[in-house]
Amino acid sequence: MCGIIGYLGYREAYPILINGLKKLEYRGYDSSGIAIFCKNGYRLYKSKGKVNELKKKIFSPHKIKGTTGIGHTRWATHGIPDDVNAHPHVSNSNELILIHNGIIENYHAIKIILLKNGFTFKSKTDTEVLVNLIEYIQKKNKLSLEEAVRISLTEIVGAYSIAVVEKSHPERIVIAKLGSPLALGINEREFFIASDPIPFLDYTKNVLYLKDGEMAILSKNKELDLRKILDNHKLSPIIKELQINLKEIEKGEYKYFMLKEIYEQPRTILDTLRGRLSITDGFICINGIEFNKDIFVNAKCITIVACGTSWHASLIGEYLLEELTRIPVEVEYASEFRYRNPILEKEDIVIVISQSGETADTLAALNLAKKKGAFVFGICNVVGSSIARNVDAGAYTHAGPEIGVASTKAFTAQITVLVLLALKIGKERLSITESRYNSLCQELRSIPEKVNKTLKIDEDSIKEISKIYSNVNNFLYLGRGINFPVALEGALKLKEISYIHAEGYPAAEMKHGPIALIDENMPVVIIATKKGCYEKIIGNIQEIKARKGKIIAIVNEGDIQASMLADHVIKVPNISEELSPLVTVIPLQLLAYQIAFIRGENIDQPRNLAKSVTVE
Ligand code: F6R
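Nothing here was measured: the structure is a model prediction, and the numbers come from that model.

Observations regarding the site of the ligand
- Within the structure, the ligand sits among 15 residues, and Ser310, Ser354, Ser356, Thr359 and Glu496 are positioned closest to it.
- At 3.3 Å, a backbone N or O of Val405 approaches an oxygen atom of the ligand.
- One of the backbone N or O atoms of Ser407 is found 2.9 Å from an oxygen atom in the ligand.
- Only helix H10 (308-325) and helix H16 (484-498) provide two or more residues apiece to the shell around the ligand.
- Counting contributing residues per domain, the shell around the ligand is built from domain 2 (247-454) and domain 3 (457-604), each supplying no fewer than three.

Now the structure itself:
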């Protein structure tokens, strides 16, 4: 987590940094800070809280002159969110100023050595240790900044993307990356540094993504100097031109990005299908599979690894892949998988799913799977992200930038890719009949329209239900089969943006414990669509009703039985069970949004969270 930004060139750095930090706030918003450099030194501003708090502290921004600067927005790891722990951090001699995204795992051992050598520390952060380590090594060995940075980084265990400036040489910034993302925007006579390219897209679309173990020396009026940290070997930069529509990163008519992203889903699902599902003959083409067909057809086992919402999509993927391809599938939390010596054979496939493509645990799981010889397929949203660059093959979800911290459109895009994947492999393996394949392809094409319809028919009823339940303390979400992960996702959405405790359960598991919680104060959201165990779900609804629980049922149009029993009904279009999560999740996203809205929460930036979890 944390967002870093930097500028070196001929423009005033302040507005670039402060506006850029706003765009990086999704990565953390516990505190922020900037340092702007000029010939006579630098000006440093730091503040607890969001970038707006920092702005309030800067009384005369037009007086902050300087064409070099660095900035940071923090998601706290070491040390509480306050002004002192905010970045940038300054070395003891006041000569080096540094920003950092990541974690220095061996900071404690280094700190002890530095303390023995007379260094003192103001903050509780690992970053202040790093900037002083660089200073210590630089002074001791009389090194240039870049050499001191390089040698210091070889002593570091952990993850980082950093930018360092020397007060007496503001015409130069040294940057380096391992584990945490770092994009460099390049124009004639200027460089932009950021955790992702969005902050500098107004200025340039030419981007270099630093790879792990790389550093760069950026100097005014000089060519980029890219090097390997380990041996200082000079590298040739590969600069790409980004294809991105700036409208996608604006809220437009919507109050929050989350709502915009929920309403974008008919289009984003269509974009995920575009060019992959032929309208005329149901032919599915995903290059990452096309080029590796034998691997998929002969796979003995598939393991899907992800975190959070992407893990919920993975559970849906398990259902789809097992059902349609008959290949056994396991789903793992990336954080567990990476530390438990998983059994992987050469013919095994590991699928990693990540919206950001930067989640530290998922990235580590990917590397472990590759090390063990598995074929790794990635499903990512962010083009050029670390996960996308490191997999053997993959498919982008094409949902466009997702800015709201709570994931919505990325989830439905991930499911869409998983449906395509399962259908494609199923067809190649002959594990699905021609008629089932054709009818699912046909239905898949109608999904954007059905999602559109769901968004329209549900809006008012969801607002009403939200008003009634916005003050409760607990919610239960129930589903069965492929809609059990949707129940988990609904509960997660509510928890993270409204701070109401919510739990997702397989409906039948309720009687093994959670049923004890049910009374007249407990709202239970239950996915009761027609296909898949409908009669059993009706039984579960009866059980809740008998204990006076309040039932909010997600039902198909034309439903009678569940609707008669429920206190509230939300209707979704009829659809095959395999594709149903693509519509059943929509009302759950809207319900979470409306409840959080009524409670007056900051929906796009819920407390304690960050969009990109780049620390484990
Ligand atoms: C929840 C949410 C998180 C992410 C999780 C994984 O709304 O957004 O649970 O799904 O942090 O992130 P990615 O998909 O970027 O790897």
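Continuing now.
Some thoughts on helix H17 (residues 534-546)
- Given a rise of 1.5 Å per residue, 13 residues ought to cover 18 Å, and the 18 Å separating the end C-alpha atoms of H17 matches this to within 8%.
- Within H17, burial applies to Tyr534, Ile537, Ile538, Asn540, Ile541 and Ile544. For H17, the angular spread of buried residues about the axis comes to 160 degrees, placing them on one side. Across H17 from its buried face, at more than 90 degrees, point the exposed residues Glu535, Lys536 and Ala546.
- The secondary structure elements touched by the buried residues of H17 are strand S21 (474-479), strand S23 (523-527), strand S24 (550-556) and helix H18 (561-565).
- At the exit of H17 stands Lys548, carrying a positive phi of roughly 65 degrees.

Section: the side chain of Thr362
- Residue position: Thr362 is located in helix H12 (residues 360-371).
- Here Thr362 is in contact with Val305, Ala306, Cys307, Ala334, Val352, Ile353, Ser354 and Ile387, once residues within four sequence places are set aside.

Some thoughts on the domain arrangement of the chain
- Assigned domains of the chain: these are domain 1 (3-244), domain 2 (247-454) and domain 3 (457-604).
- If you average the C-alpha positions of domain 2 and of domain 3, the two centres end up 25 Å apart.
- At the junction of the two partners, domain 2 supplies 37 residues and domain 3 supplies 36 residues.
- Here domain 2 meets domain 3 over a buried area of about 3200 Å², counting both sides, of which 69% is carbon and sulfur.
- When the buried surface of domain 2 facing domain 3 is broken down by residue, Tyr256, Tyr319 and Thr454 rank first, second and third, together holding 21% of it.
- Applying the counting rule to domain 2 against domain 3 returns 2 salt bridges.
- Glu578 serves as the salt-bridge partner of Arg436, at 2.4 Å between the closest nitrogen and oxygen.
- Across the contact surface, domain 2 and domain 3 share 13 residue pairs in polar contact (both at pLDDT 80 or more).
- Mapped onto the side of domain 2 that touches domain 3, the elements with two or more residues apiece are helix H6 (257-263), helix H7 (265-273), H10, helix H14 (409-429) and helix H15 (434-469).
- Broken down by element, the residue count for the side of domain 2 that touches domain 3 peaks at 9 residues, all from H15.
- Residues of the side of domain 2 that touches domain 3, tallied by class, amount to 21 nonpolar, 10 polar and 6 charged.

Brief notes about empty space enclosed by the protein
- Scanning all chains against the criterion turns up 2 cavities of 30 Å³ or more.
- Taken as a whole, the largest cavity spans an internal volume of roughly 60 Å³.
- Taken together, Cys2, Arg74, Trp75, Thr77, His78, His87, His100, Gly102, Thr125, Asp126 and Thr127 make up the lining of the largest cavity.
- Among the elements of the structure, strand S6 (96-104) and helix H4 (126-141) are those that each provide at least two residues to the lining of the largest cavity.
- Across the lining of the largest cavity, the residue classes break down as 2 nonpolar, 7 polar and 2 charged.
- Lining of the second largest cavity is provided by Arg480, Asn483, Ile527, Thr529, Lys531, Gly532, Ile537 and Glu577.
- The class makeup of the residues in the lining of the second largest cavity is 2 nonpolar, 3 polar and 3 charged.

Structural notes on the pattern of salt bridges
- This model, assessed by the stated rule, comprises 31 salt bridges.
- Of the charged contacts, one joins Glu166 and Arg172 as a salt bridge, the two residues approaching to 2.7 Å between their closest N and O atoms. Summarising the burial analysis for this pair, Glu166 and Arg172 share the class buried.
- Across the pair Asp225 and Arg227 runs a salt bridge whose closest N-O atoms are separated by 3.0 Å. Exposure class is identical for Asp225 and Arg227. Each is buried.

As for the packing of H10 against H14
- Contact pair H10 / H14: the axes reach a minimum separation of 9 Å and the direction vectors enclose 20 degrees. Considering their axes alone, H10 and H14 lie roughly parallel with respect to each other. Crossing hand, H10 versus H14: right-handed. Counting all contacts with H10, which are made through Thr309, Ser310, His312, Ala313, Ile316, Gly317, Leu320, Leu321, Leu324 and Thr325, the residues of H14 involved are Phe411, Gln414, Ile415, Leu418, Val419, Ala422, Leu423, Ile425, Gly426 and Arg429.
- Considering only residue class, the contact of H10 with H14 consists of 12 nonpolar, 7 polar and 1 charged.

About the thresholds
Residues numbered from 1 in each chain as written. Predicted model: local features only at pLDDT ≥ 70, side-chain atom pairs only at ≥ 80, totals over all residues. Heavy atoms only, no water. Near = heavy atom within 4 Å. Polar contact = N/O pair within 3.5 Å; in protein donor to acceptor, adjacent residues only side chain to side chain. Helix = DSSP H or I, 4+ residues; strand = E, 2+ residues; numbered from the N terminus. Domains from an automatic or database assignment. Expected span 1.5 Å × (residues − 1). Buried < 20%, exposed > 50% of the residue type's maximum accessible area, 1.4 Å probe, protein only. Arc of directions from axis to C-beta. Contact = heavy atoms within 4.5 Å. Buried area = accessible area lost by both parts, 1.4 Å probe. Salt bridge = Lys/Arg side-chain N within 4 Å of Asp/Glu carboxyl O. Nonpolar A, V, L, I, M, F, W, Y, C, P; charged D, E, K, R; others polar. 1 Å grid on protein atoms, 1.4 Å probe; cavity = no way out; pocket = protein on both sides within 12 Å on 5 of 7 lines; lining within 4 Å. Points joined across faces, edges and corners; volume = space filled by probe spheres on them. Axes fitted to C-alpha atoms, helices over the stretch in contact; angles between N-to-C directions. Parallel < 35°, antiparallel > 145°, perpendicular 65-115°, else oblique. Left-handed = near helix turned anticlockwise from the far one by under 90°.

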